[in-house]
There are 4 protein chains.
Amino acid sequence: MEKLTIGIIGAGRIGRMHAENIVYIPNVKIKTISDLFIENAKLWAEQIGIQNVTTNYQDILNDPEIDAIFICSPTSTHGSIIKEAARAGKHIFCEKPVSFSTEETKEALEVVKEAGVKLQVGFNRRFDPNFKKVHDTVKEGKVGEPHILKITSRDPEPPPAEYIKNSGGLFFDMAIHDYDMARYVIGSEVEEVYVQGVNLVDPIFEELGDIDTAMTILKFENGAIGVIDNSRKAVYGYDQRLEVFGSKGSVTAQNEHPTNVEISTKDGVYKDKLKHFFLDRYKDAYMIETHAFIDSILNDKPLVCIGNDGLQAELIAKAARESFETGKPIKLIREEYSLL
Amino acid sequence: MEKLTIGIIGAGRIGRMHAENIVYIPNVKIKTISDLFIENAKLWAEQIGIQNVTTNYQDILNDPEIDAIFICSPTSTHGSIIKEAARAGKHIFCEKPVSFSTEETKEALEVVKEAGVKLQVGFNRRFDPNFKKVHDTVKEGKVGEPHILKITSRDPEPPPAEYIKNSGGLFFDMAIHDYDMARYVIGSEVEEVYVQGVNLVDPIFEELGDIDTAMTILKFENGAIGVIDNSRKAVYGYDQRLEVFGSKGSVTAQNEHPTNVEISTKDGVYKDKLKHFFLDRYKDAYMIETHAFIDSILNDKPLVCIGNDGLQAELIAKAARESFETGKPIKLIREEYSLL
Amino acid sequence: MEKLTIGIIGAGRIGRMHAENIVYIPNVKIKTISDLFIENAKLWAEQIGIQNVTTNYQDILNDPEIDAIFICSPTSTHGSIIKEAARAGKHIFCEKPVSFSTEETKEALEVVKEAGVKLQVGFNRRFDPNFKKVHDTVKEGKVGEPHILKITSRDPEPPPAEYIKNSGGLFFDMAIHDYDMARYVIGSEVEEVYVQGVNLVDPIFEELGDIDTAMTILKFENGAIGVIDNSRKAVYGYDQRLEVFGSKGSVTAQNEHPTNVEISTKDGVYKDKLKHFFLDRYKDAYMIETHAFIDSILNDKPLVCIGNDGLQAELIAKAARESFETGKPIKLIREEYSLL
Amino acid sequence: MEKLTIGIIGAGRIGRMHAENIVYIPNVKIKTISDLFIENAKLWAEQIGIQNVTTNYQDILNDPEIDAIFICSPTSTHGSIIKEAARAGKHIFCEKPVSFSTEETKEALEVVKEAGVKLQVGFNRRFDPNFKKVHDTVKEGKVGEPHILKITSRDPEPPPAEYIKNSGGLFFDMAIHDYDMARYVIGSEVEEVYVQGVNLVDPIFEELGDIDTAMTILKFENGAIGVIDNSRKAVYGYDQRLEVFGSKGSVTAQNEHPTNVEISTKDGVYKDKLKHFFLDRYKDAYMIETHAFIDSILNDKPLVCIGNDGLQAELIAKAARESFETGKPIKLIREEYSLL
């Protein structure tokens, strides 16, 4: 394939970011963007040179000129759009999670498999240069057999109540990124999950049946053990760290700061707090992720993050929720869609 | 009290280190040191100016001139020596753990309480300037209410099989330090414990009914949650880190390196691996710990680390062992010896 | 002004980088790019949507639709193009240095002054977020009165002989950036210059009458003293550091690495060497610099880096060269074009 | 030699520190300490077990039991005491500088040479583990041929006026340590010196004919160039850094902080300011220095820091003073006492 024509479904914050990353990639054009409230995005779309806007995403799926789509609509719509798009022969980039129900996800993956289209799931952090280097270091055996995984993942501030309500909860909305990272860097599937979760940040989470602070313990099939700690509120910024410890050493990725400037006075040494949030911290990762998807289609290369990766992360999130609700460790029942 | 006369029971590595730290403190003298194999220590004892050596620790307990003792003998002897020493009216510094059985520990604490002597338990890390600053920062409220605790605690290499056999296992020998640190920095008691433990370093641990790699999840009474990861083998040195995350921020203590020198070449940037092990890493902490004990006796100040602290850490270790054996979270039954 | 039309003179590495940064700024378009060897750049120009290409830069200056130009041609042409462009009423962004002769620079600035157009000199490092924060910290008085300035500025590898020949030498080509930074962060003019310069990297420099390793000592009018060390070859990457020490403290900007990943093994702790060179290290700075120039024209805001800044840096470079040649400290004769 | 008996001349801050470091070294005893005001030190001397105190240092030199002496009296007395002690056959540890006059120093070295005793000069920083590692790294060729040296050396606060008056001035009192470090890590002699010095911290320095802020540029015989910046007042602590840059890389030693604890809040990231001053920062270095001197005598090993090192540093200090006074670079006239 020499040229690629793209449609984007959803013109919210993430849809626009993807559009802006795509718009100047050589040999690629965004033909259409859809959104229920597309009026709000019309001026913006025109400025960055997108030809058509529509309220109906079917216009994109029915357009034979469009080769690939980005699904940036609410999670509740992902499953059905994936199926329709796959049947229409479009390659698919879908934001995480694929769905809130592993059954729905599996159905969608079946259709994708039959259609033979490509499906990339939006686990952007795999494309972060720091985290990718941790992954590569482990894969190259530089730290030996992995024994212990530690992920720190804390948001700078809680989302609005409205968002929490439809988010799927901490496990499906927030920790799911970390569950994917865990599989990605350890290179082994999760066998058992235990969660200790609490409400410490804001009572709104409890009112909505959610939690705001959690620790997930993972046992991997290769024997390694891992821990992920999540909080909805780190006042010093977006805290995103990663460590893999193994038989021959350890590898760590630290946080990023807006500048590295240090000020020393009689009161101590000061530096900037962390980069504020994901659009800032993972700016490069989002860019690289989009290029990788397009490169995979244009040059028929394998994807880094496939439908099965979406499913596995959801299986872990589901077990995490169950562990939280029962107070017990939960064994995962393995299901794989390895052909995807 | 103006002058202090001390006896040391046990002339192994730790006993000698305490002796060398004590020997030059003004107004303090070591009168006697005992060890079953005291012949090996005779020359050393003479060189640092200890007056008497004996194979019988009773010689120390029966000496009316001796005000305080350091118990540095094997753990299996701690309980009975504490009781005898307390009844003989000696102030007691006892290496951790107080015993391998919380029943035995409680008995010993009862006797100490009745005798009205001071008992300091050797949780040396409380006196490490880095960890103490973490504790003080949390206590002063600078990070708000504590939400998440993270402790990394990895030895540079496994002990010999002979040591493992009599060590009490990973929970009583190694993690017990971290359990104490958890209580110390969070300032709240542990309510529930869950452990994920594995054998990855050396099959000898499994053969001896022990493990070498573990993760302990703690739930505290104040709502905070914590995780401790332990390994018996970190090839890059003695990995000792601490983090408390709270509603107003976080505080971390990092590892220490022999030097801070960085070498930059075409291949990258290199620095020293970590300080090798506890005598090196906690050299200052051991010194400060000893001064604190002596200061407490001479000037009747409160102790930083009392018998009850020893008991609480053992209760956690016991629950950790039970969680490891049953695969379930274990609730702690609270028992306290607050008067000690 | 609502829309801006731009012409670019010179389609080499720097000209193309500016073009790519400009091309997607809203309300700005690049109409024409000129280069003596424009054939090589034709395909690239088409891809990024530049309308016209030409071998003759006069086509740009004569085009009444063009509001502003970027001068990215060889330094020997800067002076005359500035004068022609100013007389044609174009706003000017000119790469550093303005010329190799302070006389020529002063003539150009006179013409710019008369024409009343804006002239920004391409000292991109002023726009680097780290260095800007150092500047702001000093300006806000957080480190008190500045006493000592230290700049480290080392290239990863020497340029080709052909480049060295026409570069103006280490003082005019390389250190001039640091001379500007010195004035920018200290906020005072240079009074005296002393240089110790040597040939240690490659004999080619000596053959061409140049040096490859230098230390410049600056005395500022406000009493502060500074040192800049330059080398043409730092095998570990592009070494760019800055420190201002004052009566109330100090502020430092450190190097940047491609990732912050650390790998710990039995041999030590490793991390990436530095970002490789200026297009990588100052990527954001170049972007911000271009936006600032355009913002200044569209919204009539003051420039951060004016013609006089170009002149002052050249006066220092000239004195540095003289000090190197005579082995003596050189007093600067103050000349200013403060209206520019 | 199996046992060593030592006398200490001078019971001020430095004399006492050396005594406390020596007192517990096996096979070494301090027999006598002298001081004009020995009354003030009597109680302290008794407590640490020094047998005799005297107001007359001749008592030490005339005591045939004493093998070696530490000269910790005012600098003005060093030269004559060295000569007397050497003639009396004592090995000598002398605090820096040997004298304020290179003529006097050379005379003293002549006598030492004839007497065949050992003379160690108290450049304690050579024994700092960080700086020693920089030295070793350079010596092992890991950074290739050295090109650039950078030393930062700033005191936390100015000494009292009384001290300044008798200190020999910034070059002989403070920078002399850095001049020695320069020779030590570069492994080549200094050929030329240029100084830019100013009064910015306190007018008292100017009143006493001294300065408080200086930059010394060094040219070495091997072609390398170096810079040392000194200030009498760094409000954030004792700033002591070192960097050697060479053909194959660079090596740096950073500052030390009392703890490595970092506190992150909504306002940024904070850590401790630097260790406060030399007794704190170089505590280990002083200890190692003393052991090295004693080891050299007992086991007839070569010294790390000999009389000639004292002389060379003074020659540089003298040239630095001359450069400051004349405003010109000064060539050093090489004189060496290599046999010492």
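Reading the values: rules and limits
Residues numbered from 1 in each chain as written. Chains lettered and ligands numbered in written order. Predicted model: local features only at pLDDT ≥ 70, side-chain atom pairs only at ≥ 80, totals over all residues. Heavy atoms only, no water. UniProt positions renumbered as here; feature names shortened; annotations may be inferred. Helix = DSSP H or I, 4+ residues; strand = E, 2+ residues; numbered from the N terminus. Phe/Tyr/Trp six-rings, centres within 6.5 Å; stacked < 30°, edge-to-face > 60°. Buried < 20%, exposed > 50% of the residue type's maximum accessible area, 1.4 Å probe, protein only. Lys NZ or Arg CZ within 6 Å of the ring centre and 35° of its normal. Least-squares fit on C-alpha atoms with pLDDT ≥ 70 in both. Contact = heavy atoms within 4.5 Å.

- The name an unreviewed UniProt entry assigns to chain A is Inositol 2-dehydrogenase, from the organism Metabacillus rhizolycopersici.
- Listed under Sequence similarities (unreviewed entry) in UniProt, the entry text for chain A is "Belongs to the Gfo/Idh/MocA family."

1. Some details on the UniProt feature "domain: GFO/IDH/MocA-like oxidoreductase" (unreviewed entry) in chain A
Part 1 of the reasoning: Feature annotation in UniProt assigns "domain: GFO/IDH/MocA-like oxidoreductase" (unreviewed entry) to the following positions: residues 131–251 of chain A.
Part 2 of the reasoning: Taken end to end, residues 131–251 of chain A is 31% helix and 36% strand, and its first and last C-alpha atoms sit 10 Å apart.

2. Looking at the packing of aromatic side chains
Part 1 of the reasoning: In the structure shown here, the tally under the stated rule is 46 aromatic pairs over all chains.
Part 2 of the reasoning: The interplanar angle of 20° and the centroid separation of 4.7 Å between the aromatic rings of Phe70(A) and Phe93(A) together place this pair among those described as stacked. You can see Phe70(A) sitting in strand β4 (residues 68–71) and its partner Phe93(A) sitting in strand β5 (residues 91–94), a full 23 residues away along the chain.
Part 3 of the reasoning: Judged by centre distance (6.2 Å) and plane angle (55°), the rings of Phe131(A) and Tyr282(A) are tilted. Of the two residues, Phe131(A) sits in helix α6 (residues 129–139) while Tyr282(A) sits in the loop between α10 (278–281) and α11 (283–298), which places them 151 residues apart along the sequence. Judged on exposure class, the residue Phe131(A) and its partner Tyr282(A) are both buried.
Part 4 of the reasoning: One cation-aromatic arrangement involves Arg154(C) over Phe245(D); the distance from NZ or CZ to the ring centre is 4.2 Å.

3. Describing the UniProt feature "domain: Gfo/Idh/MocA-like oxidoreductase N-terminal" (unreviewed entry) in chain A
Part 1 of the reasoning: According to UniProt, the "domain: Gfo/Idh/MocA-like oxidoreductase N-terminal" (unreviewed entry) feature falls on residues 5–123 of chain A.
Part 2 of the reasoning: Split by type, residues 5–123 of chain A is 39% helix and 22% strand. Its first and last C-alpha atoms lie 23 Å apart.

4. What about unusual backbone geometry?
Part 1 of the reasoning: For the peptide bond that leads from Lys96(A) to Pro97(A), omega is -10°, which places it in the cis range.
Part 2 of the reasoning: The topology assignment puts Pro97(A) in the loop between β5 and α5 (102–115).
Part 3 of the reasoning: With a phi angle near 50°, Asp300(C) is a residue other than glycine that sits in the positive phi range.
Part 4 of the reasoning: Mapped onto the elements, Asp300(C) comes out in the loop between α12 (283–298) and α13 (307–326).

5. As for the relation of the copies chain B and chain A
Part 1 of the reasoning: Overlay of chain B on chain A (RMSD 0.1 Å): rotation 180°, translation along the axis 0.0 Å. Expressed as an axis order, the relation between the two copies is that of a two-fold axis. Residue Lys328(B) of chain B places its C-alpha closer to the rotation axis than any other residue of that unit, at 3.3 Å.
Part 2 of the reasoning: Most of the interface of chain B is mirrored in chain A, where 100% of its interface residues are also at the interface.

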